[in-house]
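Tertiary structure, described
What follows is each chain in one-letter form.
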2 protein chains.
Amino acid sequence: MQITPRSEDYSQWYIDLVRKAGLADYSAVKGCMVIKPYGFAIWEYMQGALDKMFKDTGHVNAYFPLLIPKSFLSKEAAHVEGFAKECAVVTHYRLKNSEDGTGIVVDPDAKLEEELIIRPTSETIIWNTYREWIQSYRDLPLLINQWANVVRWEMRTRLFLRTTEFLWQEGHTAHSTRAEAETETKQMLDIYAKFAEEWMALPVVRGVKTETERFAGAVDTYCIEALMQDGKALQAGTSHFLGQNFAKAFDVQFTNKEGQREFVWATSWGVSTRLMGALVMAHSDDEGLILPPKLAPHQVVIVPIPKPLPDLEETINKITAELRAVGIRVKIDNDDQNRPGFKFAEYEKLGVPIRIGIGARDLANGTVEVARRDNKTKESVAVDNLTGHVQQLLTDIHQNMYTRALAFRDEHITRVDTWDEFVKVLDEKTGFVLAHWDGTPETEETIKQETKATIRCIPIDAPAEDGVCVKSGKPSSRRVLFARAY
Amino acid sequence: MQITPRSEDYSQWYIDLVRKAGLADYSAVKGCMVIKPYGFAIWEYMQGALDKMFKDTGHVNAYFPLLIPKSFLSKEAAHVEGFAKECAVVTHYRLKNSEDGTGIVVDPDAKLEEELIIRPTSETIIWNTYREWIQSYRDLPLLINQWANVVRWEMRTRLFLRTTEFLWQEGHTAHSTRAEAETETKQMLDIYAKFAEEWMALPVVRGVKTETERFAGAVDTYCIEALMQDGKALQAGTSHFLGQNFAKAFDVQFTNKEGQREFVWATSWGVSTRLMGALVMAHSDDEGLILPPKLAPHQVVIVPIPKPLPDLEETINKITAELRAVGIRVKIDNDDQNRPGFKFAEYEKLGVPIRIGIGARDLANGTVEVARRDNKTKESVAVDNLTGHVQQLLTDIHQNMYTRALAFRDEHITRVDTWDEFVKVLDEKTGFVLAHWDGTPETEETIKQETKATIRCIPIDAPAEDGVCVKSGKPSSRRVLFARAY
């Protein structure tokens, strides 16, 4: 099975690539995926980088239960509306042999008094716990994150982008003042943007969601939005200012310095394995993945040509030791069952940033062939300069990937002032559309119905600008960012 | 609330300590715990060390679904017997508003055709997946691990030791030969033993389980068994040789080098957050935790006495920078709301291995006071020699903790030859009892009924020795290890 070209069927290209590059696959359970070792290794590098950024800003990890009492979900009115429709519900706690002996059945005697929900997100169970942990202003802030799996029952799923179970981190912080919680919300948004740019080579727009697109239970939802190669947007991370909504729902109060009781202020923020989908769709090509060096499980692969020879081996070991000594992740492919051409195609598919080929002639010249995955250029490099060269190249590849994605993104932010233009850009040019909107959920909904485009965000740095809504003609004070989205 | 002394109520001491040292607490969901930040930080160090050991031996991580189709559980006959009785069962995938408007109820229209089980362990879903991944001997071995949460419905729970949901890692490997799978099983047991000894300062006995105590679906279950301070044993890790049982249940065959189809050989192995319980119970005292240095979130705490002064601060910053430069985890407590005595008690409770006190008089002398948590000794150390001294002390503390636990364990392995002795040792001296057993499940069960002692394992290094069973008087060829256990 070959990878379907993007031009033929972008959606199928994505699925082919995710499966054939060993990132993930469908499982026997509808909507749930298996994250395969190569895909999981990339996720581990993502986790490592994010976890460090969280800890460097004072956050700690903890773990809260997978199962949430059904009644908790109802305590915050908006929250239950958002999540009750897509919950996995645990009703029993035992199986037994069927009476006809053909298998096992649910034991009706083991019915739970109150059903349990598999967490779709953990605000409710966490704020129920925080009530015990927070008494005084001295207990604040609480800056806690958890790495966890969550389940949201999805009817239409796509590997990484939308799956019934997915992996994520969810930060849940508690503060004594509104201002501090708002600062935290924005800080985490900035961390997500920095991670996207510096680790994923993925430029993002920072913005605020409209009321319609807001997290169920939030006062404000901030987001980072990225653009995929097919011109569709992808929400890559969200950071919510929750106000006192969950504190009120779960009665979490603290005694302030003046001895008065106040409700606690909250934030929550998360990114998920969805980032894996963004990574694939932002950078890869018809030959396979193109991985940014910082997240590549193998940053360099060394392929002896045509096959390992004793002399070659010595040089390869020396090169490898030097590269590893400066922290570069190197794989050596000594497999003698496959020919170099096959291997080259394989490592292109896997998106290894740098491939080093070395044969008898190279050896004689004291050089190796260095091939870049991002732009497919090759050059001959002296073995003596190799380590420094590779280090610089890894930096250059990241920069080139980022610059290329940024140029594509910027070319695909189109300012439009009429409805005809709006529809035309969405259909033909695709990408983000910067347009005036009258600020009402009604117009937002009409636009969505007619074009499938949603307001991705109100960009944080959007300047005030008087204008009229592209759809209703009513006044507007700033442009917002529309797109069709994953 | 104080910590109950061990002599008064060991079980309550444990729960008090786990809660008051900030390791874990009960949650709103019966049997599920919240792992608090300090406890989770210790678990993260455990994870980091184990993960590295797994990767250094060629294993990779992946992720398989949380939910398992009910029918999968029935495919391996012994497996279903072991796990069906304690499963959380998902039967529905949606909630809706109740008709009387008072809350939310399970939507009867959203009933699953086949119920899903929250994984109690993942052999079934993984071997169902391996069928797709394994075609030829070239695809073997598969050396895969996953870090995950699992749910086993427990009626009597205790923080970390037995909880409905717990965190663990589960390795699942596939091999082309029986010998290779057996070697893997033993290798992982050795890794667990090494981890227990070198990271947890916890001596363990390596052994094989009897048929009765074997993992449901295994041919052989190897285990490491540790001894707690109350003389009860605790199974700290298991490694299973699964033979071809799961390959046959899920029809996983490969084509060997001779072109013939064969069933694949399997292992699985796991350790869980239960290790946290073992860590607490093996080492701690009535004042609080005693943490082995390699797993301590703070290896050194610096407490200015009586409070921070400008001159002190400079010295503290210098000391801290030097300690951190060699990789030591240092916390500085500059909080001026609590007195040193209060802080000392607090860090004893938290089990910080080394406390450095520094006051005006120390400053004048160019010394600091260094206090060890493990044996509560104190000494004055010159600031100039401090870093090297602390490094050595961290090594010594680990060694001392290990030696102390080993001496206690060895004193509590008692060879007995009569039934009276057997009962007396269990009741009075406690600990492990090395005794002859006739090898039958019936005798094993009788002993368990009469004494609550189980066969923890047949030690791997147990020499052949003819004797007679302490209970039945029938012949026996080697001694086995009995104990009451967690």
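Residues numbered from 1 in each chain as written. Chains lettered and ligands numbered in written order. Predicted model: local features only at pLDDT ≥ 70, side-chain atom pairs only at ≥ 80, totals over all residues.

It is worth spelling out the overall build of chain A at this point. Within chain A one finds 14 helices and 27 strands. Taken against the 2.2 N^0.38 rule, which gives 23 Å for 486 residues, the C-alpha radius of gyration of chain A at 26 Å falls within 12% of a compact globule. In terms of principal-axis extent, the alpha carbons of chain A reach across some 80 × 70 × 55 Å. The buried share of chain A, taken over its 486 residues, is 48%. Across chain A, the fraction of contacts at a sequence separation of at least 24, relative to all contacts at a separation of at least 6, is 67%. (Helix = DSSP H or I, 4+ residues; strand = E, 2+ residues; numbered from the N terminus. Rg over C-alpha atoms; globule rule 2.2 N^0.38 Å. Buried ≥ 20, exposed ≤ 12 C-beta atoms within 10 Å, placed from the backbone. Contact = placed C-beta atoms within 7 Å.)

To continue, consider the nonpolar core. Core analysis: the largest hydrophobic core is formed by 302 residues, its most contacted members being Ala196(A), Ile224(A), Ala226(A), Ala196(B), Ile224(B) and Ala226(B). Beyond its immediate sequence surroundings of up to four residues, Ala226(B) is in contact with Ala196(B), Leu202(B), Val204(B), Ala233(B), Leu234(B), Ala236(B), Ala278(B) and Ala282(B). (Core = buried A, V, L, I, M, F, W, Y, C linked by C-beta atoms within 7 Å.)

Next up on the list: the relation of the copies chain B and chain A. For these two chains of identical sequence, chain B goes onto chain A by a turn of 180° and a shift of 0.0 Å along the axis, with RMSD 0.0 Å. Taken together, the turn and the small shift mark the pair as related by a two-fold rotation axis. Looking at the rotation axis and the C-alpha trace of chain B, the residue lying nearest is Val90(B), at 2.1 Å. A shared interface surface links the copies, since 100% of the contact residues of chain B are contact residues in chain A too. (Least-squares fit on C-alpha atoms with pLDDT ≥ 70 in both.)

Splitting chain A by domain gives domain 1 (22-283), domain 2 (293-393) and domain 3 (413-483). Look at where the C-alpha atoms of domain 2 of chain A and domain 3 of chain A centre, and you get two points 48 Å apart. (Domains from an automatic or database assignment.)

This part covers the sheet that holds strand β11 (residues 205-208) of chain A. Residues and elements named next belong to chain A. Spatial ordering of the open sheet is given by β3-β9-β10-β16-β13-β12-β11-β24-β27-β23-β22, a layout of 11 strands whose pairing is mixed. Either end of the sheet is taken by a strand with one partner, and the two such strands are β3 (60-61) and β22 (413-415). Across the sheet, helix α6 (residues 178-198) touches β10 (165-175), β11, β12 (220-227), β13 (233-243) and β16 (265-272), and the angle it forms with β13 is around 165°. (Pairing = 2+ DSSP bridges. Axes fitted to C-alpha atoms, helices over the stretch in contact; angles between N-to-C directions.)

Taken together, the contacts link 51 residues of chain B with 51 residues of chain A. For the side of chain B that touches chain A, the per-class residue count stands at 33 nonpolar, 10 polar and 8 charged. One ladder, built from 3 bridges, connects strand β5 (residues 89-92) of chain A with strand β5 (residues 89-92) of chain B; its direction is antiparallel. What sits directly across from His92(A), in β5(B), is Val89(B). (Nonpolar A, V, L, I, M, F, W, Y, C, P; charged D, E, K, R; others polar.)

Let's shift gears to the pairing of strand β21 (residues 378-382) of chain B. A regular strand places its side chains on the two faces of the sheet in alternate fashion. All names here are of chain B. The buried fraction of β21 is low, at 0 of 5 residues. Bridge count between strand β20 (residues 367-372) and β21: 5 bridges; the pairing is antiparallel. Across the sheet, residue Glu 369 finds its bridge partner in β21, namely Ser 380. Turn length for the β20-β21 hairpin, with the two strands adjacent in sequence and antiparallel, is 5 residues, and the turn residue Lys 376 shows positive phi of about 60°.

On to the environment of Phe250(A), then. All names here are of chain A. Within the element layout of this structure, Phe 250 appears in the loop between α7 (245-249) and β14 (253-255). Note on Phe 250: 22 C-beta atoms within 10 Å, which makes it buried. For the pair Phe 250 and Arg 478, spaced 228 residues apart in the sequence, the C-alpha separation amounts to 37 Å. Apart from the residues lying within four places of it in its own chain, the contact partners of Phe 250 are Lys 75, Trp 127, Asn 128 and Arg 131.

Let us now look at the environment of Met46(A). Residue and element names in this part refer to chain A. As for its placement among the helices and strands, Met 46 is situated in helix α2 (residues 37-56). On the neighbour-count criterion, Met 46 (20 C-beta atoms within 10 Å) is buried. Leave out the neighbours within four places in its chain, and Met 46 touches Leu 275 and Leu 295.

Residue and element names in this part refer to chain B. Taken in spatial order, the 5 strands make up an open sheet running β18-β17-β19-β20-β21, and their pairing is mixed. Since the sheet does not close on itself, it has two edges, and those belong to β18 (330-332) and β21, each with one partner. Strand-to-strand twist across the sheet, computed as the mean angle between neighbouring axes with direction ignored, equals 25°. As defined by bridge partners, strand β17 (residues 300-305) adjoins β18 across 3 bridges and the pair is classed as parallel. Paired with Ile 302 across the strands is Ile 332, a residue of β18. The strands touched by helix α9 (residues 310-325) within the sheet are β17, β18 and β19 (354-359), with β17 carrying the most contacts at an inclination of about 170°.

A separate point is helix α13 (residues 419-429) of chain B. Residue and element names in this part refer to chain B. Within α13, burial applies to Phe 422, Val 425 and Leu 426. On an axial view of α13, the arc spanned by its buried residues comes to 95°, and they lie on one face. Those residues of α13 that are exposed and aimed more than 90 degrees away from the buried face are Asp 420, Asp 427 and Glu 428. Downstream of α13 by one or two residues, Thr 430 has phi in the positive range, about 65°. (Arc of directions from axis to C-beta.)

Right, let's talk about the environment of Glu197(A) for a bit. All names here are of chain A. Relative to the elements of secondary structure, Glu 197 occurs in helix α6. What makes Glu 197 partly exposed here is the crowd of 17 C-beta atoms within 10 Å. With near-sequence residues (within four places) excluded, Glu 197 lies in contact with Leu 202, Pro 203, Val 204 and Tyr 402.

Residue and element names in this part refer to chain B. Here helix α6 (residues 178-198) spans 30 Å end to end across 21 residues, near enough to the 30 Å set by a 1.5 Å rise per residue. Here α6 has its buried residues at Ala 181, Glu 184, Thr 185, Met 188, Leu 189, Ile 191, Tyr 192, Ala 193, Phe 195 and Ala 196. Looking at the buried residues of α6, the elements they touch are α2 (37-56), β10 (165-175), β11 (205-208), β12 (220-227), β13 (233-243) and β16 (265-272). (Expected span 1.5 Å × (residues − 1).)

When the pLDDT values of chain A are averaged, the result is 96; 99% of them are 70 or greater. Interface confidence for the predicted complex, given as ipTM, is 0.97, next to a pTM of 0.97. (pLDDT = per-residue confidence, 0-100.)

Residue and element names in this part refer to chain A. Taking burial as the measure, the 5 residues of strand β19 (residues 354-358) include 4 buried ones, the bulk of the element. Note: strand β17 (residues 300-304) against β19, 5 bridges, orientation parallel. Residue pairing across strands places Pro 304 opposite Ile 358, the latter belonging to β19.

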